[in-house]
Amino acid sequence: MALPITCKAAIAFGPNQDVVIEEIIVAAPKANEVRVKVNSTAVCHTDLYTLSGQDGEAVWPCILGHEGAGVVESIGEGVTSCNVGDHVILLYIPECRNCKFCKSGKTNLCSVIRVTQGRGQMPDGTSRFSLKRDGTPVFHFMGCSSFSEYTVVADISLAVVNKSAPLGKICLLGCGVTTGYGAVVNTAKVENGAIAAVFGLGAVGLAVVAALKSVGAKRIICIDTNLAKKPLAEFFGGSAVEFINPKTDIPEGKSIQAHLVEITTEDGAGGVDYSFECVGNVNLMRAALESCHKGWGKSIIIGVAAAGQEISTRPFQLVTGRSWMGSAFGGVKGRTELPGYVDRYLQGTFELDKFVTHTYSGVDKITDAIHVMHDAAAGALRPVITL
Ligand code: NAD
Ligand code: AHE
Ligand code: ZN
C-alpha cells in the first residue's frame, strides 16, 4: 500500500500572482488512480491564461501545468492500464473508451470525468494534494497538475509510451504540438495543394504550420505581431510560408481579412481554404473566419478566449459556405494515439526538439519559465522544466 509523499510543487494561490514553491503532501492513489513522478513539464499559454484570472473554471489554490511526462510511482486498486515504472504522458482529455463520446467514433472529448476535473477535483470529488505546513487542500488542474514533483491522475488520463523516449521532449505531446498538428490532420483534414492562414505563431500555431507543410499545403500565410516568429515559421513551413505582421504589413484602414482575400484572389474570387486561430482573441477569430474562401473555406478555432467573451460574424459568412469549427487537443485520442506520436518522434519523422526553446532544472524554476512565456522578446515557444 502506497504511503503519502512529501515533495515540492508550484502553488497558484490566486490570479495575477507568481506561483509559490511549497512543500506539499501527495496522498496515495485511490482506486483507478495513478501517482506519477513528474520528470518534465512544459508551460502552455493556457497555464498563463488560467493564472491571469481569465479562466471561468479556475479554483485556488491549485497546481497548474498540463504538458507533463513522468514515471508511474504507484497505482491504486483496480488499475490495469499501467504498471509501476511505466513512462507516461499526462492527458487533460482522458480516454475511457466507454462513455458516449468515446464510443461515438466522432470525437476525442471523453467526458466521463470532465465535471470533477473542471472543479479541480479527482473523480471522487476530493483532492490528493495538501500544503504540508497547515494541511490546506490544494486543487488539481485540468486533471494533470504537472507543476509538482509528484501528481495523482485518473488512470484514463495517462498514455503509456516507449521508455526510450526523452521525457523532456515528449512532455510537449501532452498539449500544444499535438493540438496544432491534430487540428490540421484530424479537424480540418487539409489536403495537398491547399492555401491556409495561421493566426498566432506560438507552439500551437507553429505546429499547425509544420502539419500544413507535411500535408503539402501550397501557401501557408502566417500572421503574427511578433516579427521574431518569421524565421521560425520558415523553419517549420519551408518555402510555402509567407509572413504578415498585421501592425506593419497591411495598408492603412484595411482589415487583415480583406488583405488575405485580396492576396489570394484568382479568377475573381479570393480567400483561404483553411484558417487557424491560435491566439485566443475573438476579433482574430472573426478575421480568420472572414478570410476564408466562399463556398468551402473552413476556419478552426484553437485559441482559448477569456470567460464571458463571444464570437460574432454576419451569418451570411456561413450561409455562403464557410464553416466555423473548433479543435481541442487536435481531436487526438491520447491513450490510443500518443504512443504512435512518440514512436514517430523517435524515428525522426515528428518534430519536437525545435519547440523546446528554454530549459530549466528544478521545480523552483517554474516561476522563471512562466515569466519567459510572458516575455515576447525571449521568443519562447515551450520552456521545459526538468523536475
Ligand atoms: P503563445 O502565447 O505561445 O503564442 C501566441 C502567439 O500569438 C504569439 O506568437 C503572439 O505573438 C501571437 N499573437 C498575439 N496577439 C496577436 C495578434 N493580435 N495577432 C497575431 N498574433 C498575435 O500561445 P500557445 O501556447 O501557442 O497557445 C495559443 C493559444 O491556443 C492559446 O489561446 C492557448 O490557450 C490555446 N490552446 C488551445 C488548445 C486547444 O486544445 N484548443 C491547446 C493548447 C493551447
Ligand atoms: N476552462 C476553460 C476552457 C479551456 C479550454 O477550452 N481548454 C481546451 C484545452 S486548452 C489546452 O491548453 C480544451 O480542451 N477544452 C475542452 C474542455 O473540455 O475543456 C473555460 O473556458 O472554462
Ligand atoms: Zn495547453
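As shown above, the structure is provided for reference.
Residues numbered from 1 in each chain as written. Chains lettered and ligands numbered in written order. Predicted model: local features only at pLDDT ≥ 70, side-chain atom pairs only at ≥ 80, totals over all residues.

**As for the site of ligand 1**
Next up, step 1: Neighbouring residues of ligand 1: 31 residues in total, closest His45, Gly200, Gly202, Val204 and Gly280.
Next up, step 2: Looking at the shell around ligand 1, the elements with two or more residues in it are helix 1 (45-51), helix 5 (176-188) and helix 6 (203-215).
Next up, step 3: No fewer than three residues from each of domain 1 (5-174 + 352-386) and domain 2 (179-328) sit in the shell around ligand 1. (Near = placed C-beta within 6 Å. Helix = DSSP H or I, 4+ residues; strand = E, 2+ residues; numbered from the N terminus. Domains from an automatic or database assignment.)

**A short note on the packing of helix 6 against helix 7 (residues 230-237)**
Next up, step 1: Two elements in contact, helix 6 and helix 7, have axes separated by 8 Å at closest approach and are oriented at 35 degrees. Here helix 6 contributes Leu206, Val209, Ala210, Leu212 and Lys213 to the contact with helix 7, which in turn contributes Leu232, Ala233, Phe236 and Gly237.
Next up, step 2: Considered class by class, the residues forming the contact of helix 6 with helix 7 number seven nonpolar, one polar and one charged. (Axes fitted to C-alpha atoms, helices over the stretch in contact; angles between N-to-C directions. Contact = placed C-beta atoms within 7 Å. Nonpolar A, V, L, I, M, F, W, Y, C, P; charged D, E, K, R; others polar.)

**Considering helix 7**
Next up, step 1: Those residues of helix 7 that sit buried are Leu232, Ala233, Phe236 and Gly237. Each buried residue of helix 7 sits inside an arc of 115 degrees when the element is viewed along its axis, so together they form one side.
Next up, step 2: In this fold, the buried residues of helix 7 make contact with helix 6, strand 11 (219-223) and strand 12 (241-244). (Buried ≥ 20, exposed ≤ 12 C-beta atoms within 10 Å, placed from the backbone. Arc of directions from axis to C-beta.)

**Describing the packing of helix 5 against helix 6**
Next up, step 1: Between helix 5 and helix 6, the shortest axis-to-axis distance is 7 Å and the interhelical angle comes to 40 degrees. Accordingly, the angle class assigned to the pair helix 5 and helix 6 is oblique. The two elements helix 5 and helix 6 cross, and the hand of that crossing is right-handed. Note on element contacts: helix 6 touches helix 5 through Ala203, Val204, Gly205, Leu206, Ala207, Val208, Ala210, Ala211, Leu212 and Val215, opposite Gly176, Val177, Thr179, Gly180, Tyr181, Ala183, Val184 and Val185.
Next up, step 2: Of the residues belonging to the contact of helix 5 with helix 6, the class tally is 14 nonpolar, four polar and no charged. (Parallel < 35°, antiparallel > 145°, perpendicular 65-115°, else oblique. Left-handed = near helix turned anticlockwise from the far one by under 90°.)

The analysis is restricted to geometry; functional conclusions fall outside its scope.
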